[in-house]
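Summary of the model geometry
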2 protein chains.
Amino acid sequence: MYFWANKTGFMFSLSEENYLKAIFHLENSYKGGVSTNALAEEMQTKASSVTDMIKRLSDKDLVNYKKYQGVKLSSAGKSAAIEVIRKHRLWEVFLVEKLGFNWDEVHEVAEQLEHIKSEKLTNELDKFLEFPKRDPHGDPIPDAQGNFSVANRALLSDLEEQQTGICVGVKDSSTEFLQYLDKNQISLGKEIRVLEKEEFDQSMLIEMDGNELMISNLISANLFIKTT
Amino acid sequence: MYFWANKTGFMFSLSEENYLKAIFHLENSYKGGVSTNALAEEMQTKASSVTDMIKRLSDKDLVNYKKYQGVKLSSAGKSAAIEVIRKHRLWEVFLVEKLGFNWDEVHEVAEQLEHIKSEKLTNELDKFLEFPKRDPHGDPIPDAQGNFSVANRALLSDLEEQQTGICVGVKDSSTEFLQYLDKNQISLGKEIRVLEKEEFDQSMLIEMDGNELMISNLISANLFIKTT
DNA sequence: TCAATTTTTTAGATGAGACTAAATTTATTT
DNA sequence: AAATAAATTTAGTCTCATCTAAAAAATTGA
């Protein structure tokens, strides 16, 4: 296994970084500690492998862990996770803005690039991209100090009839969802008005660019909106 | 260990790619097959580890190997090595041209970036950089088909008195050597004239930018020159 | 040539990170 | 409060890539 020093002088493997990132993402949904099974699901691995890794992370004080009680990131673990997320999102901007990738093509490559260890590279890339605040999916990009804005945004599915808003992000960044959005010309920055909400299945009739479009709950529950 | 498919559908680990690259570089000096010890020296590892890896590479038909007789790359191994070298040199250009790195700062980062698996990324990066022919150290960059020019270049140490030439590359890309060159304002493109050669220690008095400079054989034997 | 030296390979061990199967703990029902 | 189910951990095994120590092959040289 290959290791490099990060800016705090500690070393994390590819696998450790991926676990830290996964725990960070899951902490939003699991406030009392991320469960082993949830982490196994997120990491596409087995619960026993997760337990192994959690112990290693715990030994390095990257997480707080008590048997059977799930994990939480320590402050060191959180910094490390944010650093990886910062790199991931910066690279996504690079791929889209500079290399002409579509927003549905960047995830897999950014998953690799996020592990490159060079503080200078990260910061120079940030500067080259003119310090972007959000990635191509509308997610906030942490700055060099790890700070980032927690967006004031709602899900389209939570809007009422006749409310309007600007599309500012996607919750699901899968290729399939993003390609659906492309096909229906839904992109960040578009203004959307809710015309009708169907109680039965939560589907919606929306207006966008002067056209009407019917969308299911699966769509509206994955689109972030800034209400206007 | 993490694997990804490359463009030929095969999968190579980080370590395998590094060995292939090392063998490729050493094949210039070891025509009859690269020795285990030479490879161990290049890879900064033990001979026994090299033997292990050579067997793995041989099982995958990336090298031709017979016990005690050194290794040679197979054509598949050579393609894989060239692909890694292509990526390494493209990233070096990116770091210098776009992110403002100095030529002595790029190697370590490019060593990481060269392993990113995405044919689209490599080719789009190539396009973004406007298909550079050489990296910041003057080494040729293979194109998408793996072709690259074998330069018509000599070492400065081989020039005779009064011969002139353009500096087109460095043989040693170490930070120390590159910083020496920076300090003495020697860079690619500079015209150099050999004024005097000292037989005893092979040191040279050269003229560059109208100034005279005394350099040792260690310097002149690591500068590539295109004679004029 | 044949003994000494060098090079290379084998044998056995290790650590990281994954796995399966079994055991244990916690949670849920009746 | 048992009984059952679900979640989690332990125990043991596997592969990759490394290591050390020892054996074997190749090379060198008196």
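A brief structural summary. (Residues numbered from 1 in each chain as written. Chains lettered and ligands numbered in written order. Predicted model: local features only at pLDDT ≥ 70, side-chain atom pairs only at ≥ 80, totals over all residues. Heavy atoms only, no water.)

Re helix 6 (residues 119–128) of chain A
As a reminder, the rule being used: For each residue, the accessible area found with a 1.4 Å probe, counting protein chains only, is set against the maximum for its type, and the residue is called buried under 20%, exposed over 50%, and partly exposed in between. Per the convention used, a helix needs a DSSP run of H or I reaching at least four residues, while a strand needs a run of E reaching at least two, with both numbered from the N terminus. Note on contacts: a residue pair is in contact if any heavy atoms of the two residues lie within 4.5 Å.
Here helix 6 of chain A has its buried residues at Leu 121, Thr 122, Glu 124, Leu 125, Asp 126 and Phe 128 of chain A. Packing partners of the buried residues in helix 6 of chain A comprise helix 4 (75–97) of chain A together with helix 4 (75–97), helix 5 (107–113) and helix 6 (119–128) of chain B. Within two residues after helix 6 of chain A, Glu 130 of chain A carries a phi angle of roughly 65°, on the positive side.

Description of the sheet that holds strand 5 (residues 191–197) of chain B
All names here are of chain B. Here is the rule: Following DSSP output, two strands are said to pair if at least two bridges run between them. Interaxial angle, 0 to 180 degrees, is taken between N-to-C directions of lines fitted to C-alpha atoms, where a helix line uses only the stretch in contact.
Strand order across the open sheet formed by six strands is 3-8-4-5-6-7, with antiparallel pairing between neighbours. At either margin of the open sheet sits one strand with a lone partner, and together these are strand 3 (154–155) and strand 7 (211–215). With three bridges joining them, strand 4 (residues 164–170) and strand 5 adopt antiparallel strand pairing. Note that in strand 5 the partner of Ile 166 across the bridge is Glu 191. Its contacts with the sheet put helix 7 (residues 175–183) on strand 4, strand 7 and strand 8 (223–227), and the angle it makes with strand 4 is roughly 145°.

Re the protein's contact with DNA strand C
Here is the rule: Residues are labelled near a given molecule or strand when at least one of their non-hydrogen atoms is within 4 Å of it. Polar contacts here mean pairs of N or O atoms no more than 3.5 Å apart (in protein, one a potential hydrogen donor and the other a potential acceptor; neighbouring residues in sequence count only if both atoms are side-chain atoms).
Lining the immediate environment of DNA strand C, one finds 21 residues, of which Ser 13, Thr 45 and Ser 49 of chain A together with Lys 55 and Tyr 65 of chain B sit closest. Sugar and phosphate atoms represent 76% of those atoms of DNA strand C found within 4 Å of the protein. For DNA strand C, a phosphate oxygen lies 2.3 Å from a polar atom in the side chain of Tyr 65 of chain B. At a separation of 2.6 Å, a phosphate oxygen of DNA strand C approaches a polar side-chain atom of Lys 67 of chain B.

A short note on the relation of the copies chain A and chain B
Under the convention used in this document: Residues reaching a pLDDT of at least 70 in both copies supply the C-alpha atoms on which the copies are superposed by least squares.
It takes a turn of 180° to lay chain A on chain B, together with a shift of 0.0 Å along the axis; the resulting RMSD is 0.1 Å. Interpreted geometrically, this transformation is the action of a two-fold axis. Comparing interface residues between copies, 100% of those in chain A also sit at the interface in chain B, which points to an isologous, same-surface contact.

Some remarks on the side chain of Ser 220 of chain A
Residues and elements named next belong to chain A. Residue position: Ser 220 is located in helix 8 (residues 217–220). Residue Ser 220 is classed as buried on the basis of its relative accessible area of 0%. The contact partners of Ser 220, leaving out residues within four places of it in the chain, are Leu 155, Leu 156, Ser 157, Gln 202, Met 204 and Ile 215.

Examining unusual backbone geometry
At Glu 130 of chain A, a position not held by glycine, the phi torsion is positive, near 65°. Note on placement: Glu 130 of chain A falls in the loop between helix 6 and strand 3 (154–155). Here Asp 61 of chain B, not a glycine, exhibits a phi torsion of approximately 60°, which is positive. Relative to the assigned elements, Asp 61 of chain B resides in the loop between helix 3 (47–59) and strand 1 (63–65).

With respect to a negative patch on the surface
Which entries qualify depends on this criterion: A residue counts toward a patch only above 30% relative accessible area and without a salt bridge, and it is joined to like-charged neighbours within 9 Å or, for Val, Leu, Ile, Met, Phe, Trp and Tyr, to nonpolar neighbours within 5 Å. Calculation of accessible area relied on Shrake-Rupley with a 1.4 Å probe; when residues are assessed, cover is drawn exclusively from the protein chains displayed. Each reported salt bridge corresponds to a side-chain nitrogen of Lys or Arg within 4 Å of a carboxyl oxygen of Asp or Glu. Think of it this way: Lys and Arg go in the positive column, Asp and Glu in the negative one, and His and the chain ends go nowhere. To locate a charge, the coordinates of NZ of Lys, CZ of Arg, CG of Asp or CD of Glu are taken.
Taken together, the side chains of Asp 158, Glu 160, Glu 161, Glu 191, Glu 196, Glu 198, Glu 199, Asp 201, Glu 207 and Glu 212 of chain A define an acidic patch exposed on the protein surface. Its place among the elements puts Asp 201 of chain A in the loop between strand 5 (191–197) and strand 6 (204–208).

Re the packing of helix 1 (residues 14–26) of chain A against helix 3 (residues 47–59) of chain A
All names here are of chain A. Short version of the rule: Angles are sorted into four bins: roughly parallel if under 35 degrees, roughly antiparallel if over 145, roughly perpendicular if 65 to 115, and oblique for all others. Think of it as three bins: nonpolar holds Ala, Val, Leu, Ile, Met, Phe, Trp, Tyr, Cys and Pro, charged holds Asp, Glu, Lys and Arg, and polar takes everything else, Gly as well.
In the contact formed by helix 1 and helix 3, the axes pass within 11 Å of each other and the chain directions differ by 95°. The orientation of helix 1 with respect to helix 3, classified from their angle, is roughly perpendicular. Side by side, helix 1 and helix 3 meet where Ser 15, Glu 16, Tyr 19, Leu 20 and Ile 23 of the first sit next to Ser 49, Val 50, Met 53 and Leu 57 of the second. Considering only residue class, the contact of helix 1 with helix 3 consists of six nonpolar, two polar and one charged.

Considering the interface of chain A and chain B
The condition that has to hold: Reported buried area values correspond to the accessible surface (1.4 Å probe) lost by two parts on association, with both partners' losses combined.
If you look at the interface, chain A gives 25 residues, while chain B gives 25 residues. Both sides together, the interface formed by chain A and chain B hides about 2,200 Å², and carbon and sulfur atoms give 72% of it. Linking chain A with chain B are two salt bridges. Note that Lys 120 of chain B is salt-bridged to Glu 105 of chain A, the shortest N-O span being 3.2 Å. Inspection of the region where chain A meets chain B yields four residue pairs in polar contact (both at pLDDT 80 or more). Looking at the side of chain A that touches chain B, the elements that each hand over two or more residues are helix 1, helix 4, helix 5 (107–113) and helix 6 of chain A. The leading source of residues in the side of chain A that touches chain B is helix 6 of chain A, at five residues. When its residues are assigned to classes, the side of chain A that touches chain B shows 15 nonpolar, five polar and five charged.

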